[in-house]
Amino acid sequence: MQKFFRVAAWLLALAIVVLSVSPASVRPVTGAGQGLEHLLIFMAMGMAFGFGYPRRFQLLTPALIVFTIVIEVAQIWVPGRHARLSDFLVDATASCLGVGLSWLLLKLRAQVR
């Protein structure tokens, strides 16, 4: 199951990169609102990394924060896109929450066994 989550985590990270550095005109819009879209995809990515790399929790949180910084800074050079502190805060918080939630669920699962 870890392999599934590792693949999912890297695919989500790739999707985030592609969606973040593509022009705004080609970015899909779900109608859920930008904040919710960011929250959901970054939380899903954080959870996937947490489940995929359960022995790396201490590394995942700072690595995902750096990833969100790089994504926001990269948008400076994309026409029609811009870096926002608010996006960084939502993205970093959501990815850390995803990692934390996966950690909690893994701990609860271990106690049930």
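Because the structure is a prediction, the values reported are computed rather than measured. (Residues numbered from 1 in each chain as written. Predicted model: local features only at pLDDT ≥ 70, side-chain atom pairs only at ≥ 80, totals over all residues. Heavy atoms only, no water.)

Student: Report on the overall build of the protein, specifying residues and quantitative values.
Tutor: Helix and strand content of the protein: four helices and zero strands. For a compact globule of 113 residues, the expected C-alpha radius of gyration is about 13 Å, and the protein comes in at 15 Å, within 12% of that figure. The dimensions of the protein, computed from C-alpha atoms along their principal axes, are 50 × 25 × 20 Å. A total of 113 residues make up the protein; the buried ones form 31% of that total. A total accessible area of about 7100 Å² is found for the protein, and carbon and sulfur atoms account for 73% of it. (Helix = DSSP H or I, 4+ residues; strand = E, 2+ residues; numbered from the N terminus. Rg over C-alpha atoms; globule rule 2.2 N^0.38 Å. Buried < 20%, exposed > 50% of the residue type's maximum accessible area, 1.4 Å probe, protein only. Areas by Shrake-Rupley, 256 points an atom, 1.4 Å probe, with all protein chains shown as cover.)

Student: Outline a positive patch on the surface, supporting the account with residue identities and numerical values.
Tutor: The grouping of Lys3, Arg6, Arg55 and Arg56 at the surface amounts to a positive patch. When you line up the elements, Arg6 lands in helix H1 (residues 2-21). Under the relative-accessibility criterion, Arg6 is labelled partly exposed at 33%. (Patch = residues over 30% accessible without salt bridge, like charges linked within 9 Å, V, L, I, M, F, W, Y side chains within 5 Å. Salt bridge = Lys/Arg side-chain N within 4 Å of Asp/Glu carboxyl O. Lys, Arg positive; Asp, Glu negative; His and termini not counted. Charge placed at Lys NZ, Arg CZ, Asp CG, Glu CD.)

Student: Talk me through H1; I want residue IDs and the actual numbers.
Tutor: End to end, H1 covers 29 Å across 20 residues, agreeing with the expected 28 Å (1.5 Å per residue, within 8%). Taken together, the buried positions of H1 are Ala8, Ala9, Ala13, Ile16 and Ser20. Each buried residue of H1 lies within a common arc of 135° when the element is viewed along its axis, so the set occupies one face. Exposed residues lying more than 90 degrees from the buried face of H1 are Lys3, Phe4, Trp10 and Leu11. Packing partners of the buried residues in H1 comprise helix H2 (34-52) and helix H3 (57-74). (Expected span 1.5 Å × (residues − 1). Arc of directions from axis to C-beta. Contact = heavy atoms within 4.5 Å.)

Student: I'd like a description of the packing of H2 against helix H4 (residues 85-112), backed by residues and values.
Tutor: Interhelical geometry of H2 versus H4 gives an angle of 40° and a closest axis separation of 7 Å. As for how H2 packs across H4, the hand of that crossing is right-handed. In this structure, H2 uses Gln34, Gly35, His38, Leu39, Phe42, Met43, Met45, Gly46, Met47, Gly50 and Phe51 to contact H4, whose residues at the interface are Asp87, Val90, Asp91, Ala94, Ser95, Leu97, Gly98, Val99, Leu101, Ser102, Leu105 and Leu106. Taken together, the residues of the contact of H2 with H4 break down into 13 nonpolar, eight polar and two charged. (Axes fitted to C-alpha atoms, helices over the stretch in contact; angles between N-to-C directions. Left-handed = near helix turned anticlockwise from the far one by under 90°. Nonpolar A, V, L, I, M, F, W, Y, C, P; charged D, E, K, R; others polar.)

Student: Before we move on, could you go through the packing of aromatic side chains and cite the residues and values that matter?
Tutor: Applying the stated rule across the entire model yields four aromatic pairs. Taking 6.1 Å as the distance between ring centres and 25° as the angle between the ring planes, the aromatic pair formed by Phe49 and Tyr53 counts as stacked. For Phe49, a relative accessible area of 5% corresponds to the buried category. Put simply, the rings of Phe4, Phe5 and Phe51 pair up and form one aromatic cluster. (Phe/Tyr/Trp six-rings, centres within 6.5 Å; stacked < 30°, edge-to-face > 60°.)

Student: Would you mind going over a nonpolar patch on the surface in detail, with residue names and values included?
Tutor: A surface patch of nonpolar side chains, about 430 Å² in accessible area, is lined by Leu101, Trp103, Leu104, Leu105 and Leu108. Looking at the secondary structure, you find Trp103 in helix H4.

Student: Could you give an account of the side chain of Ser95, naming the residues involved and the relevant values?
Tutor: Secondary-structure assignment places Ser95 in helix H4. If we ignore the near neighbours within four places in the chain, the residues touching Ser95 are Phe42, Met43, Met45, Gly46, Leu64 and Thr68.

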